[in-house]
Amino acid sequence: MGTDEAELERQVRQGAAVYTPLFLPFYDWWVYGFAVRVMRCPPGEFRTFYELNVSEHHLDIGVGSGSLLKHCLRQQLLERVTLMDLNPNCLLAAEKALRPLPVRKVQGDMLKPFVMDNPRFLSVGLNFLLHCVPGSFREKGVVFKHIKDVLAPGGLVFGSTAIYQGGARHAPARFLFDRYNQAGVFHNREDTQDDLQQVLGELYENVEMVQEGCVLFFRASDAPLE
Ligand SMILES: C[S@@+](CC[C@H](N)C(=O)[O-])C[C@H]1O[C@@H](n2cnc3c(N)ncnc32)[C@H](O)[C@@H]1O
């Protein structure tokens, strides 16, 4: 492994390492009770977005505490779920949140090809993941290629990401993003809506994006977006 690759690996692991068993019970309170408000995005938007896009055969990448999926489970929207995360603490927390639904767990880095048997998911969600991963969208957008490999024809990929460029126009959000980037928890300084549009547009026939405060919600599919 070269120096650049080793440094990237270090940064990727640092971005996922913050989700410790001690922090995870407070994750939802911190992110949906505080941080998204600083980003000027109402917390309810995330639950509605998941409700509208999740399917009965779903893969979730970067699962955190699993609370968005738990919300979907309560709405009886989930049947078969696979959880993928670099951090085993998050896989365990999300599995626990979804009990008694049986889930498949895959520990893996979204930047590397996915190792999964018999995939063909109807939906893949990656919420608040991209801003945790180093590189611009042109680099970390490789995840959408990996997703395409496990998506059923006409399946949907959807998610959201905290956007710095064009997003952090107001001081409190900029302050939060700067601290997080300094700490290596966020890597979104280079992220732009145009880059994400381009990366998704090269892989999927239909792409839709909506910005709410500093949060960019995206959906993409080869089928028409309903
Ligand atoms: C900010 S949390 C998002 C949690 C949840 N999706 C939500 O929206 O509340 C980021 C999650 O992505 C995971 N993660 C970070 N880098 C990753 C990577 N390179 N590959 C896979 N998962 C990663 C973290 O372990 C964590 O579970």
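Our structure is the block above this text.
Quick caveat, the model's predicted, so the values are computed rather than measured. (Residues numbered from 1 in each chain as written. Predicted model: local features only at pLDDT ≥ 70, side-chain atom pairs only at ≥ 80, totals over all residues. Heavy atoms only, no water.)

Turning next to the site of the ligand. Surveying the vicinity of the ligand reveals 21 residues, the closest of which are Tyr27, Tyr32, Gly62, Asp85 and Asn127. Interatomic distance of 2.9 Å between a side-chain N/O atom of Asp109 and a nitrogen atom of the ligand. Interatomic distance of 2.7 Å between a side-chain N/O atom of Asn127 and an oxygen atom of the ligand. Contact with the protein chains hides 98% of the accessible area of the ligand, taken as 600 Å² for the molecule alone. For the shell around the ligand, the secondary-structure elements that each account for two or more residues are α1 (3-17) and α2 (24-38). Looking at the shell around the ligand residue by residue, the classes come out as 14 nonpolar, five polar and two charged. (Near = heavy atom within 4 Å. Polar contact = N/O pair within 3.5 Å; in protein donor to acceptor, adjacent residues only side chain to side chain. Areas by Shrake-Rupley, 256 points an atom, 1.4 Å probe, with all protein chains shown as cover. Helix = DSSP H or I, 4+ residues; strand = E, 2+ residues; numbered from the N terminus. Nonpolar A, V, L, I, M, F, W, Y, C, P; charged D, E, K, R; others polar.)

Right, let's get into the state of the cysteines. The full count for this structure, using the stated rule, is zero disulfides. Cys41 forms no disulfide, and the closest cysteine sulfur to it belongs to Cys214, at a distance of 9.0 Å. (Disulfide = S-S within 2.5 Å.)

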